Every structure is written in structure tokens, then in C-alpha cells.
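Inside the fold
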Amino acid sequence: MPNNPWTASGETRARSLRVAVFGALTLFIASALVVSGYTLWRLRSEAIATTFEIAAMHSRSFEDHLTQSLRLVELTLSSALPADVEVTQAQIVKTLAGTLRHTPILRSFSLIDARGIITASSNPANIGLTVSTESYLPIAPPGAEILRIGVPWSGRDFARGRPASAYEPVPAKGINFLPLTRTLPTGAGTVTVLATLNPDYFINSFEQKLSPSEGYVDVVRYDGTLLLSSDPREQPAAIDTRIATALRQGEKEVGQLEALRHDRTELTAFRASRLYPIAVVTRLDREHALLRWDAELRTLLSVLVPVLLSIVALAYAIYRRQLQLVAQRAEAGRLMRLNSTVFESSSDSIIITDATARIISVNAGFTRICGYPPEEVIGKNPRLLSSGLHGKGFYDAMWQEILAHGSWTGEIINRAKDGKLFTSLNTITAFRDTAGNLQHYIGISSDITARKYHEAHIAELNRSLAQRAHEAEAASHSKDIFLANMSHELRTPLNAIMGLTDLVLRRTTDAKQKDQLGKVIQSSRKLLAIINDILDISRIGSNTLQLEKSVFCLDDVLQNLLNLVNQQAARKNLLLTIDVPAPLHQQPFIGDPVRLGQIFLHLTENAIKFTDQGTITVRLQQISEQTRDVLLRAEIQDTGIGISSEDQGRLFTAFEQADGSLTRKYGGTGLGLAISKRLAEMMGGEMGVHSAVGVGSTFWVSFRLEKLVKTHAPDATAHKAPPQPNDGTRRRPESG
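In every chain, residue numbers begin from 1 and rise along the written sequence. pLDDT decides what is reported in this predicted model: residues at 70 or higher carry local features, side-chain atom pairs at 80 or more are listed and counted, and totals for whole chains, interfaces and linings draw on all residues regardless. Values shown for side chains rest on all heavy atoms present in the structure; no hydrogens or waters enter the calculation.

Some remarks on the overall build of the chain
To keep it simple, the criterion reads: The way it works is that DSSP assigns letters per residue, a run of H or I at least four long becomes a helix, a run of E at least two long becomes a strand, and they are numbered from the N terminus. Accessible area is worked out with a 1.4 Å probe on protein chains only. A residue is then buried under 20% of its type maximum, exposed over 50%, and partly exposed in between. Contact definition: two residues touch when any of their heavy atoms are within 4.5 Å. Using the Shrake-Rupley algorithm and a 1.4 Å probe, accessible areas are obtained, with residue cover drawn only from the displayed protein chains.
Per the secondary structure count, the chain includes 16 helices and 25 strands. Residue burial in the chain is summarised as follows: out of 736 residues, 39% are buried. Long-range contacts, defined as pairs at least 24 residues apart, comprise 61% of the intrachain contacts of the chain with a sequence gap of at least 6. When the accessible surface of the chain is split by element, carbon and sulfur atoms take 56% of a total near 41000 Å².

Focus on the nonpolar core
Here is a general trend for soluble globular proteins: nonpolar side chains tend to be buried in one another's company. Filter applied, for reference: For this analysis, a nonpolar core means a set of buried residues of the types Ala, Val, Leu, Ile, Met, Phe, Trp, Tyr and Cys, connected via side-chain atoms within 4.5 Å.
Judged by nonpolar contacts, the single largest core of 44 residues is most densely connected at Leu554, Phe589, Phe600, Leu603, Leu632, Phe699 and Phe703. Elements that contribute at least two residues to this core include exactly helix H12 (554-571), strand S19 (575-579), helix H13 (593-609), strand S21 (615-625), strand S22 (629-638), helix H16 (672-682), strand S23 (687-692) and strand S24 (696-707). Ranked by the residues each element gives to this core, the list is headed by H12, at 7 residues. Other than its neighbours up to four places away in sequence, Leu632 contacts Leu554, Leu584, Phe589, Gln621, Gln622, Ile623, Val701, Ser702, Phe703 and Leu705.

Some points on the sheet that holds strand S13 (residues 349-353)
To keep things clear, this is the line we draw: By definition, two strands form a pair when at least two bridges between them are found by DSSP. With axes taken as lines fitted to C-alpha atoms, and helix axes fitted only over the stretch in contact, angles between N-to-C directions fall between 0 and 180 degrees.
Pairing within the open sheet is antiparallel, and its 5 strands lie in the order S14-S13-S17-S16-S15. The strands lining the two open edges of the sheet, one partner per strand, are strand S14 (359-362) and strand S15 (407-415). Going from strand to strand, the sheet's axes swing by 25 degrees on average, the running direction of each strand aside. Of the strand pairs in this sheet, S15 and strand S16 (residues 421-432) are connected by 9 bridges, and their pairing is antiparallel. Opposite Glu411, over in S16, you have Leu425 as the bridge partner. The strands touched by helix H9 (residues 392-405) within the sheet are S15, S16 and strand S17 (438-447), with S15 carrying the most contacts at an inclination of about 150 degrees.

What to know about the side chain of Thr225
As a reminder of what qualifies: We define a polar contact as two N or O atoms separated by no more than 3.5 Å, with the added condition that, inside protein, one atom must be a possible hydrogen donor and the other a possible acceptor, whereas residues neighbouring each other in sequence contribute only through side-chain atom pairs.
Residue placement: Thr225 occurs in the loop between strand S8 (215-221) and strand S9 (226-229). Judged by relative accessible area, which is 5%, Thr225 ranks as buried. Within polar-contact distance, the side chain of Thr225 engages the side chain of Asp223 at 3.1 Å. Among residues more than four places away in sequence, those in contact with Thr225 are Val151, Pro152, Val219, Val220, Ala237, Ala238 and Ile239.

A closer look at unusual backbone geometry
Following Leu137, the chain continues into Pro138 via a peptide bond in cis, with omega recorded as 0 degrees. Assignment of secondary structure puts Pro138 in the loop between strand S2 (118-121) and strand S3 (147-149). Positive phi is not limited to glycine here, since Ala237 has a value of about 85 degrees. Tracing the backbone through its elements, the reader meets Ala237 in the loop between S9 and helix H4 (241-248). Classification of Ala237 by relative accessible area gives buried; the value is 1%. We note that Asn573 has phi near 55 degrees; this positive angle belongs to a residue other than glycine.

What to know about the sheet that holds strand S10 (residues 254-261)
Reading across from one edge, S9-S8-S12-S11-S10 is the order of the 5 strands in this open sheet, with antiparallel pairing throughout. The open sheet has two edge strands, S9 and S10, and neither has a second partner. For this sheet the average axis-to-axis angle between neighbouring strands, irrespective of direction, equals 25 degrees. Of the strands in this sheet, S8 and S9 are in contact with helix H3 (residues 199-209), which crosses S9 at around 50 degrees. Sheet strands in contact with H4 are S8, S10, strand S11 (264-272) and strand S12 (278-285), and its direction is about 40 degrees off that of S11.

Overview of H4
We count it as follows: This arc describes the spread of directions from the helix axis toward the C-beta atoms.
Within H4, burial applies to Ile243, Ala244, Ala246 and Leu247. Buried residues in H4, looked at end-on, bunch into an arc of 165 degrees, giving them a common side. Counted as exposed and oriented over 90 degrees from the buried face of H4: Thr241 and Arg248. Among the structural elements, S8, S10, S11 and S12 are those in contact with the buried residues of H4.

Some thoughts on the packing of aromatic side chains
The criterion, for reference: The criterion for an aromatic pair is that two Phe, Tyr or Trp rings (for Trp, the six-membered ring) have centres within 6.5 Å, with stacked assigned to planes under 30 degrees apart, edge-to-face to planes over 60 apart and tilted to the rest.
Overall, the coordinates contain 10 aromatic pairs when judged by the stated rule. One aromatic cluster in this structure is built from Trp153, Phe158 and Phe177.

Looking at the pairing of strand S20 (residues 588-591)
As judged from the 4 bridges shared by strand S18 (residues 550-553) and S20, these two strands associate in the antiparallel manner. For Val551, the partnering residue across the bridge sits in S20 and is Ile590. Strand direction decides the pairing type here: S20 and S24, joined by 2 bridges, are antiparallel. Counterpart to Ile590 in the pairing with S24 is Glu706.

Quick look at the pattern of salt bridges
Applied cut-off: Take a side-chain nitrogen of Lys or Arg and a carboxyl oxygen of Asp or Glu: if they are within 4 Å of each other, that pair is a salt bridge.
Enumeration over the complete set of coordinates arrives at 34 salt bridges. For Arg261, the salt bridge is made with Glu234, and the minimal N-O distance between the two is 2.9 Å. Note that Arg261 is positioned in strand S10 and Glu234 in the loop between S9 and H4, a separation of 27 residues in sequence. With its nearest N and O atoms 3.6 Å apart, the salt bridge here joins Arg242 to Asp240. Three or more residues are tied together by salt bridges with common partners; here these are Asp218, Asp231, Arg233, Glu234, Asp240, Arg242, Arg261, Arg264, Glu266, Arg283 and Asp285.

Re the side chain of Thr611
With respect to the element layout, Thr611 can be found in the loop between H13 and S21. Of the residues examined, Thr611 reaches a relative accessible area of 0% and is grouped as buried. Apart from residues no more than four positions distant in its own chain, Thr611 is found in contact with Lys572, Leu574, Ile616, Asp638, Thr639 and Gly640.

Remarks on the packing of H12 against H13
Applied cut-off: Note that the term roughly parallel is reserved for angles under 35 degrees, roughly antiparallel for angles over 145, roughly perpendicular for angles of 65 to 115, and oblique for everything else. Two helices that cross are described as forming a left-handed crossing if the nearer one is turned anticlockwise from the farther one by less than a right angle, and a right-handed crossing if clockwise. Throughout this entry, Asp, Glu, Lys and Arg are counted as charged residues, while Ala, Val, Leu, Ile, Met, Phe, Trp, Tyr, Cys and Pro are counted as nonpolar. The remaining residues, Gly among them, count as polar.
In the contact formed by H12 and H13, the axes pass within 10 Å of each other and the chain directions differ by 30 degrees. Between H12 and H13, the interaxial angle falls into the category roughly parallel. Relative to H13, the crossing made by H12 is right-handed. Contacts between H12 and H13 involve Leu554, Val557, Leu558, Leu561, Leu564, Val565, Gln568 and Ala569 from the first element and Pro593, Leu596, Gly597, Phe600, Leu601, Thr604, Glu605 and Ile608 from the second. Considered class by class, the residues forming the contact of H12 with H13 number 12 nonpolar, 3 polar and 1 charged.

Okay, structure coming up:
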């Protein structure tokens, strides 16, 4: 199809318009973002600079207050003692104690000698204590009349305090004080006064002017030792290396820095005292300082973002409106090209006819399926493909469906040009114009000959499989009948042998003959048990075994178990224990007591068989209870030879034991555990084992029993005594 010049021109104009609109939008948005970003950066920088100025102002104010307070202490001490009058220590202490009442920033006064021993004090408890002043600043020779500042102490005074250090600072929020010394002249020479500074006085003053939400104030010595802080997380006597380094560099008296402290970024300004070796450090929270900037940021964004979005939306609307004209003109050409592509490339056969059903166009798929080239079918009716296998009624119904509902879908067997029949799935649609007048018929056909062949083949396979399944089921049923008949045929003579042998055993008096006859009876019973097991496993495998439902008590099942295995345990001198909770003794249940007893018997006989010494324990417990039934669990524990972990997986398979040697040494068919497991599953439970070689095994089985509701008649066993040995009582079984 030749290109439409109007379409090509429209696409060029649309591309040019798109480039212009998006270029202008990009330039405008980029400019707006750059200007906004620069404005925000400048406002943020101004906010931080202003915060540093505020911190410096606070440091200057707090330093002036701290310096004046220390100077007041020094002047108070100097004026309290006359330099030309000789006074005693007691008079000095009395004078200083009077001064202390008017000086709230101090807690006590003391006098120390040259060895640092307190000889007199306003707090008598301090007398006799030794206080080292070697680390006090500034460093001065003995007798220098200057105020020296020590390291913080824990406690309220020297009597119950301890000196702190950088390695063992005062705990956060701990009570502390700051020691000061001042040498004063008197008429008899000089005395050294040791004063305790109250840090709470200054902390309260700091907090009145600077709230904790804004920041904190620290007082440090020139060596970086923290003297006091309004931050409750700080530890007095700790070393602040940053401030100490800043003070030493160029002997700066003021400075500022930004650092991370206590998981937040702080803007810090410090100022050194003009008289004493201390500096006041003001730390302001950067986040708090930027709150106003954050508000300005949100305000700017709340204005900028809607404006940008509105401009983008307006430009996009204009762009879309301009594109609509181009899109409308291009749509017709696009649809024509698309239809042409679909028509020619489709693998299905497509036929287009006029309103009179004469073919006006076919695609390549039609030629491939039917074999007719387009020139041979143009102008003809599609009935040239008719195979003759469909009657007139079929085609009449098809055309009625097309005219009534506009389309028809169904399968048709047609004949190709070469004469071969093929099955196609056809959809024929009547195409009408906007006025409802019929214009064309469009038929789309898919060749489904291969699919129909495969469907027929699969159907034949399914019939064959169903026949084989029926034959297998019949063979299984025949096997079950054979096993049942053989079981009857084997058990009848076997019971006769056992009965006659028992009669002979009762009449004979020869001990040797009695022993031989007893072995015949024992072997017959084992053979009968094997026959019963084989019949049971066959019934279970063919799903013909049905569980009975009768009312019974667990005591009856356990008593019957004792009667059957008591002598076996006694012959091996094994201790047999039955542990049953008291509520289960006489509680009636509905189930199959015979099959339940069969499970217990299999597990208990196995435990006795593979245990040479020790104990056998049969334990019952209730796991859960519902409205209609209960879930019980039985455990048969022995102290026998045990089973290895690799052999445990094969235990519950028919005709399997732990290994071949067990079959030779202990005998057995390997059916007991397989039967027991399947019976447990039929009872709504499961079976498993925990075992260790040389330690013993515990086989467990869970099963569900229906509870006896009040509508059932009481069972005759309701008042029987529990089995012996009973509920947790361990008794050695009687022999005989």
C-alpha cells in the first residue's frame, strides 16, 4: 500500500510539536528547580549561620555569668579574712560558714594543709580527709593567691564523695560538685581554702535561658575536662577532645564547629573565660534550628509543585489537542495496514464475500488449506468446497443462525482441490454498515483435522485403559475370592489338626509325647496367624476390609491383651507394665475392639520377641477431644535390641523386617506392622516408631474412637475392674 502523504506530513508535524513542547517544558522546569534549589540552599545556609551566631551569643552570656560568679566567690573569700589580723582555724571556718549562707553557688568551705588534709570545714564530716590538688588548673607554685579549679567529684561533699576521672567519670544524672582552691593571706601567714561549687546553680541558670529542646550548655577546662553540663546524658569529668583541641590551636578564645553527638547533629560555639582556665560551650540542635527552614521549604514546595503540575497539565492538554487531528487522519491508514497484515499473515483461512455470497477475496491461508489459488475462486460461491457429507438441513440451519444472530461457529467437513477431506472449525460473520445494510460475509476457518484425529486416538486409548482397569479390578476381586476360599480351605483342616492334637495331648501321659504335641499345637497356631495376616493384608489392599462398630471399654481390650502375652513375658522374665489414665478405664467407646486389640497384640508381641531382659510398657493417653470422638495414643515401649535409623523406613512395608538376620533369628512374616499401620489409618490415626540401637524402641499408634452418647444402651462391661497390672502399677507377670 503506498504511503499517504497527508499521514507522513502529519507525523512530521506531530514530531516537531512534541519536540518543541517537551523542550520548552524541560527548560522551564529545570530553570524553576535550579532557582528553587539555590533559594533553599541559601536559606538553609543563613539558618545555620544564624544558629551559630545564637550559640555564640549564649556562650558569651553564659561565660560572663560564670566568670562573674567565680570572681564573686574569689572576692568573697578575700574579703572574709583580714590579711593583717591573726586568726585561728576555728575563726576562719566560722567566718566562712557565715559567708556560705549568702553564697548559694557554694556548698561548703574547708581548710587544707600542705599535704592536702582537711583540717577544718563547715561540714565536720570532711575533717581528716585528704584531697589531692595536683591536677587543679591553672598550675601554680605553692602559696600563689589565685583561684584554681579541680576535677568534678561524685556526691554532695567530700565526706561521701569520690574524685572522678576521665576513666571513671561521674554517672549521668549523678549528684556531683566541683572543688575550688584559693590561697588567702592572714596575719599568721596564708591558708588554703577548699570550696565545693554547686553545679545545679549554673545548670538551672542555663536552662532558664536555653530550653533542652533547643540545646545544652557545657563548661569545660582548658584540658577538655567536662566540669558541668545541662545535658543529663553527659558525664562530668569526661574529656571533650574537640573543644580542648580547638582551644589549643592558636590559643583561640572563641570558636564554632558542627559535629554528631548523641545521635544528632549539633551546631556548637565555645568561648573561653577571660579570667579562669575554663570555656563555656553552647550546643544547639541543628534539626531544631532548621524548623523554620523546613516550614519555608514546605511552603515553597506547596506553591511550586502545584504551579509546575498545572503548567505541565496545561501544556500536555494543548499538546494532546494538537495531536488529535494528526491521530484521526493517521488512524484510518493504520487500520488499513493492520487489517492487511492480519489478513495476509494469518495461518487460518479467511474468505470475504459480498452480500450475495460471491467470493471477493481470500488470503494465503485459504490457498494453503484448500489448495485453490485466488484467481480460481474469485466470484464463485464457497459451496465449491462442499464434501457432500452435510445435508441441506445443516446448511439451512447455519444460514438461519447467521442472519438471525450475525454469526455462526461450528465444524464443517470440506473437500480440498486435490480431493482430500479435511475438518475445519468455521466462524462466519455477517458484516453490516452503520445503517444496518448487509455488506459482506467474512469466514474464518481453522484446519482441525489433525486435532480431531488425536482426539479420536485419545478416546480410543481411554477406552482401552478403562477396559484394562476393569480387567485388573476383576483379577483383584478374583484374587480376594481365591484367598478367602484358600483361607477357609487351609483353616478347616488346620483347626481339625489342632483339635485332634489337643485331644491326644489331654489323654497321653508320656512327657516326651506331650512336649512334641505341644510343639505341634504351637506351630499350628503360628501357621493360623500367618494365614490370617495374609488374608488381612489382601483385604486391606483391595479395600474390602470393613471395621466393625460396637460399644466397648479399653479395659476389656487390655485385659484380653494380658491374657494373650502374659505367659510369653513370664517365660523371658520380663516386667510388663500397663499405664492407663484413670478417666479412660471404664469410659465406653464405639469402635472395633477386635482390630484395636489386634494392633496392640502385634506391637506387644514384637516388643517381647525382641527384648531379652528389662521391661515392656503399654501406655495410653488422650491427645484431643471433639464433640463426637476422641483421639487416643498408645505407646509400646521396650528395652530390646533397638532399630537403626536406616532400617526404620522399611518397617511398615508388607513382608519387610529390619534386616534379613532378624527373620532368621526371630522369625515372622513382616506383615504385622504393615497390617497395624493400615488399621490405624482406617481408624483415623497413624503409626510411627522412635528407636535407638542397644537402647530399645517405642512404637506409637494414634486412633479415633467415637464417644458413647446418652442414647446408647449401657454396655455390660461398664462396671468391670481395670486390667491387671493396672493404671501405672508395675507387676511381674505370673508364669504358668
